[in-house]
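What the coordinates show
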Amino acid sequence: MPQLLLGQTFSFIGNPWQMPPEAAVRHIRRGAVLVENGKISAVGEAAALKVAHPQAQITDHGSSLIMAGFVDCHAHFPQTAIIASWGKRLIDWLNTYTFPEESRFGDAEYARRVAETYLDLNLSNGITTACAYCTIHPESVEAYFEAAQARGLRMLGGKVMMDRNAPETLRDTAQSGYDDSKALLTKWHGKGRLSYTITPRFAPTSTPEQLEATGALWAEHPECLMQTHLSEQHEELAWVQALFPDQPDYLAVYEHFGLLGPGAVMGHAIYLSDREWDALRDAGASIAHCPTSNAFIGSGLFHATRAHAAGIRTGLATDVGGGSSFSMLRTMASAYEIGQLRGDALHPAQLLYMATVGSAEALHIGAHVGNLEAGFDADIVVLNLTSTPVISQRVAEAESLWEALFPTIMLGDDRAIKAVYIAGKRHFT
Ligand code: GUN
Ligand code: ZN
């Protein structure tokens with residue numbers, strides 16, 4: 001039976017990074033979304049859609065805001081249990097907290113439990129799609145995709161490959177990394193709503209042989225995305241330079257091994273030379289902006305305005321558990337703060353765009369999710385714009401949509417997530 005969701009509707013009709021931000025949005029105060037067979041079939045005025053579809057089952061969300069579910073374009077599901085671990089910078093943080101925790105994911109039962117917790121935390125924060133790193137263990141990938149499948153989610157992810165500079169228990173080899181990834185890719189890519197992502201962790205944890213094998217795997221499977229980390233911290237840049245002395249910069253390492261192309265999703269990308277910016281743009285690669293992580297691990301200030309000016313597809317990401325929040329609202333707030341520290345006051349439309357359309361395009365699924373538009377999957381979030389006392393008193397004085405929305409972006413959390421729909425089905429947490 002068709003469903004009509006009533007509320008304020010929010011859709012992008014343009015890119016707020018390339019036009020006046022307010023002109024990029026279609027906002028209907030008394031709007032409605034018609035959902036049929038898991039897809040959005042219309043977005044419009046509530047009165048008109050009610051008349052045109054008298055048989056539809058109505059759910060009235062009052063003055064809450066109906067928009068596309070959030071898309072997190074870079075996260076590490078196995079780091080769920082170590083989120084908010086204190087006091088380290090990237091390399092120490094990996095060695096002290098991350099690698100010991102990731103070592104546990106050869107245990108299929110543990111992997112299943114954490115995958116379920118991770119996806120349920122995502123959903124309670126309105127994240128309906130994510131692209132996640134698993135661990136080196138095939139069990140972790142099986143657990144992740146099985147849990148995603150059970151929830152009907154559109155999810156992307158893949159087995160981490162690393163064959164050096166990690167504990168013995170967390171190393172694969174160039175050959176086993178290739179073989180395991182290929183087997184998992186063959187099993188999971190395109191199964192229902194799932195997509196496999198080829199996942200070399202980052203240059204320092206792979207030998208040249210592994211990067212070479214990974215480049216070969218990607219050349220054999222260009223239908224898959226490839227995700228990795230790029231230029232996150234100064235110490236990491238120096239390490240890459242020492243490990244790959246023949247390469248002029250960090251990105252050149254990936255280029256050399258065939259790991260730069262339109263399907264590449266580069267996490268962080270904070271410290272880029274002009275050459276690297278140009279090479280990313282020319283390759284058509286995407287960037288995952290991870291602001292809470294960049295602040296939490298002390299990495300630095302991503303240049304969102306430059307990325308968008310270059311026309312690079314740029315999405316927003318929690319980077320759980322280097323990132324310090326599962327909330328895409330908190331993540332947008334952090335992106336705003338990093339913009340301010342750079343001297344750029346990002347408009348709320350630009351923040352919301354990165355968290356939805358931007359991430360979806362970065363992951364090459366922008367024709368399916370990330371916007372509230374006819375033909376898109378009915379992956380929807382309903383935001384309560386008065387979820388706490390401090391937000392409510394602020395909104396009471398609001399004179400525009402943006403004044404009503406920005407307090408929820410800056411101050412909101414999972415209490416603002418009133419409802420989530422996955423392919424048109426309401427998800428109850
Ligand atoms: N670089 C390599 N691995 C990681 C990781 O797990 N998290 C972050 N933030 N950076 C990384
Ligand atoms: Zn990461």
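A brief structural summary.

**Quick look at the coordination of the zinc ion (ligand 2)**
- Around the zinc ion (ligand 2), the protein supplies His74 (NE2), His76 (NE2), His229 (NE2) and Asp319 (OD) as donor atoms, at distances of 2.0 to 2.4 Å.
- Seen from the zinc ion (ligand 2), its four donor atoms lie at angles of 92 to 167°, and the figure they make is irregular.
- Linear spacing of the donor residues for the zinc ion (ligand 2) on their chain is H-x1-H-x152-H-x89-D. You can see His76 sitting in strand 5 (residues 70-76) and its partner Asp319 sitting in the loop between strand 13 (313-316) and helix 12 (328-342), a full 243 residues away along the chain.

**Some words on the pattern of salt bridges**
- Counted by the stated rule, this structure contains 21 salt bridges.
- For Arg275, the salt bridge is made with Glu255, and the minimal N-O distance between the two is 2.6 Å. You can see Arg275 sitting in helix 9 (residues 274-283) and its partner Glu255 sitting in helix 8 (residues 250-256), a full 20 residues away along the chain.
- In this structure Arg275 comes out as partly exposed when scored by relative accessible area, which is 36%.
- Judged by its relative accessible area of 31%, Glu255 falls in the partly exposed class.
- Linked by salt bridges that have partners in common, Lys39, Arg154, Arg193, Asp377 and Asp379 make up one network.

**Some points on the environment of Ala174**
- By the element assignment, Ala174 lies in helix 5 (residues 174-188).
- By relative accessible area, Ala174 is classed as partly exposed at 21%.
- Distance in space between the C-alpha atoms of Ala174 and Glu212 is 8.3 Å, their sequence separation being 38 residues.
- If sequence neighbours within four positions are ignored, Ala174 has contacts with Asp163, Glu209, Gln210 and Ala213.

Conventions we followed
- Residues numbered from 1 in each chain as written.
- Chains lettered and ligands numbered in written order.
- Predicted model: local features only at pLDDT ≥ 70, side-chain atom pairs only at ≥ 80, totals over all residues.
- Heavy atoms only, no water.
- Donors = N, O, S within 2.8 Å, 3.2 Å for Na, K, Ca; no water.
- Tetrahedral: all angles 85-135°; square planar, octahedral: opposite > 155°, others 65-115°.
- Helix = DSSP H or I, 4+ residues; strand = E, 2+ residues; numbered from the N terminus.
- Salt bridge = Lys/Arg side-chain N within 4 Å of Asp/Glu carboxyl O.
- Buried < 20%, exposed > 50% of the residue type's maximum accessible area, 1.4 Å probe, protein only.
- Contact = heavy atoms within 4.5 Å.

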